[in-house]
Amino acid sequence: MRIPRGFSDNYDGQERRHESWHDVAQICTNGHVINRSSKKYPQHNNDFCDKCGQRTLTKCEKCGGDIRGEYHVEGVASFGGDFPAPAFCVQCGSPFPWTVSRLQAARELAAEMEELTEEERESLSRSLDDLIRDTPQTTVSVSRFKKVAKKISKEGLSGLREILIDIVSETAKKSIWPT
Ligand SMILES: [Zn+2]
Ligand SMILES: [Zn+2]
């Protein structure tokens, strides 16, 4: 049964509050989500990633704040949909290590695209920073990206997609790689 948030019911003569809370996510430094509910289900925690062998984090390395995980609503079973690793820390705004390393990888890939002119490679590289954030600049960067993308080889484009799809902002994703 779904109980509206903030409602109380009264049984056993005891009033109970239905609290909603964010769990802490455990994610490897490459961005594989190990456990979206590391507090509620600690039995699923791992020190190292089973996909890539990297160590796992539950806290932001910049500010020490918890990495935000699954949102629990008391009395409501969570229906495990997608849980992509967040790109930024909600407590200090820093990009997480996987965001930094994916951006870096995308830049390296862009730098190797021989089908582009030097100018186009730079334009592509510059647009990447804004593709991962939802800012007023995102729309501009999306159109810049699309213009250059027409000249990128199929392999190059699918490489970029693979690296960036999990960290680009919703706005950018809808416009560049609509599902
Ligand atoms: Zn991993
Ligand atoms: Zn932080």
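Residues numbered from 1 in each chain as written. Chains lettered and ligands numbered in written order. Predicted model: local features only at pLDDT ≥ 70, side-chain atom pairs only at ≥ 80, totals over all residues. Heavy atoms only, no water.

## Remarks on the packing of helix H1 (residues 97–111) against helix H2 (residues 118–131)
Put simply, the rule is: Every axis in this analysis is a line fitted to C-alpha atoms, fitted for helices over the stretch in contact. Angles between the N-to-C directions lie between 0 and 180 degrees. Helix numbers and strand numbers start at the N terminus; a helix is a DSSP run of H or I with at least 4 residues, a strand a run of E with at least 2. Roughly parallel refers to an angle under 35 degrees, roughly antiparallel to one over 145, roughly perpendicular to one between 65 and 115, and oblique to any angle outside these ranges. Each helix crossing is assigned a hand: it is left-handed if the near helix lies turned anticlockwise from the far helix by less than a right angle, otherwise right-handed if that turn is clockwise. Only heavy atoms enter the contact rule, under which two residues are in contact if any of them lie within 4.5 Å. All residues other than Ala, Val, Leu, Ile, Met, Phe, Trp, Tyr, Cys, Pro, Asp, Glu, Lys and Arg, Gly among them, are scored as polar; the first ten of these are nonpolar and the last four charged.
Their axes nearest at 9 Å, the elements H1 and H2 cross at an angle of 165°. When the interaxial angle is binned, H1 and H2 end up roughly antiparallel. Pair H1 / H2 crosses with right-handed handedness. Between H1, through Leu103, Ala106, Arg107, Ala110 and Ala111, and H2, the contact on the second element is made entirely by Arg121, Leu124, Ser125, Leu128 and Asp129. Class assignment for the residues of the contact of H1 with H2 results in six nonpolar, one polar and three charged.

## Quick word on the environment of Arg36
To be explicit about the condition: Partly exposed residues are those whose accessible area sits between 20% and 50% of the maximum for their type, while under 20% is buried and over 50% is exposed, using a 1.4 Å probe and protein chains only.
Turning to its location among the elements, Arg36 is positioned in the loop between strand S5 (33–35) and strand S6 (56–57). By relative accessible area, which is 23% here, Arg36 ends up partly exposed. Put simply, Arg36 and Val24 are 12 residues apart on the chain and 6.6 Å apart in space, counted from C-alpha to C-alpha.

## Things to note about the nonpolar core
Generally speaking, a soluble globular protein has its nonpolar side chains buried in company with each other. What counts, and what does not: Here, the term nonpolar core denotes a set of buried Ala, Val, Leu, Ile, Met, Phe, Trp, Tyr and Cys residues that are joined through side-chain atoms within 4.5 Å.
With 23 residues, the main nonpolar core has Leu124, Leu131, Phe145, Leu160 and Leu164 as its most contacted residues. Those elements that place two or more of their residues in this core are H1, H2, helix H3 (138–149), helix H4 (154–164) and helix H5 (170–176). When residues in this core are grouped by element, the largest group, four residues, is from H3. When near neighbours in sequence (up to four residues on either side) are disregarded, Leu160 contacts Ala106, Leu109, Met113, Leu124, Phe145, Ile152, Ile165 and Trp177. Counting 10 residues, the second-largest nonpolar core is a separate cluster that includes Leu57, Cys60, Ile67 and Phe96.

## A short note on the coordination of the zinc ion (ligand 1)
Here is the rule: Only N, O and S atoms count as donors, using a 2.8 Å cut-off from the metal and 3.2 Å for Na, K and Ca, and because water is excluded some sites may appear unfinished. The rule is simple: four donors are tetrahedral if all their angles sit between 85 and 135 degrees, four are square planar and six octahedral if opposite donors span more than 155 degrees and the others lie between 65 and 115, and anything that fits none of that is irregular.
Surrounding the zinc ion (ligand 1) are the protein donor atoms Cys28 (SG), His32 (ND1), Cys49 (SG) and Cys52 (SG), which sit 2.1 to 2.3 Å from the metal. For the zinc ion (ligand 1), the four donor atoms are set out with angles of 105 to 114° between them, so the coordination reads as tetrahedral. Here the donor residues for the zinc ion (ligand 1) map to a single chain with the spacing C-x3-H-x16-C-x2-C. For Cys28, a relative accessible area of 0% puts it in the buried group. You can call His32 partly exposed: its relative accessible area is 27%.

## Remarks on the coordination of the zinc ion (ligand 2)
At 2.3 Å from the zinc ion (ligand 2) lie its protein donor atoms, namely Cys60 (SG), Cys63 (SG), Cys89 (SG) and Cys92 (SG). Taken together, the four donor atoms coordinating the zinc ion (ligand 2) span angles of 107 to 111° at the metal, a pattern that classifies the geometry as tetrahedral. In primary sequence terms, the donor set of the zinc ion (ligand 2) follows C-x2-C-x25-C-x2-C. Of this pair, Cys60 sits in the loop between S6 and strand S7 (68–73) while Cys89 sits in the loop between S7 and H1; the two residues are 29 residues apart in sequence, bridging distant segments of the chain. For the pair Cys60 and Cys89, one class covers both residues: buried.

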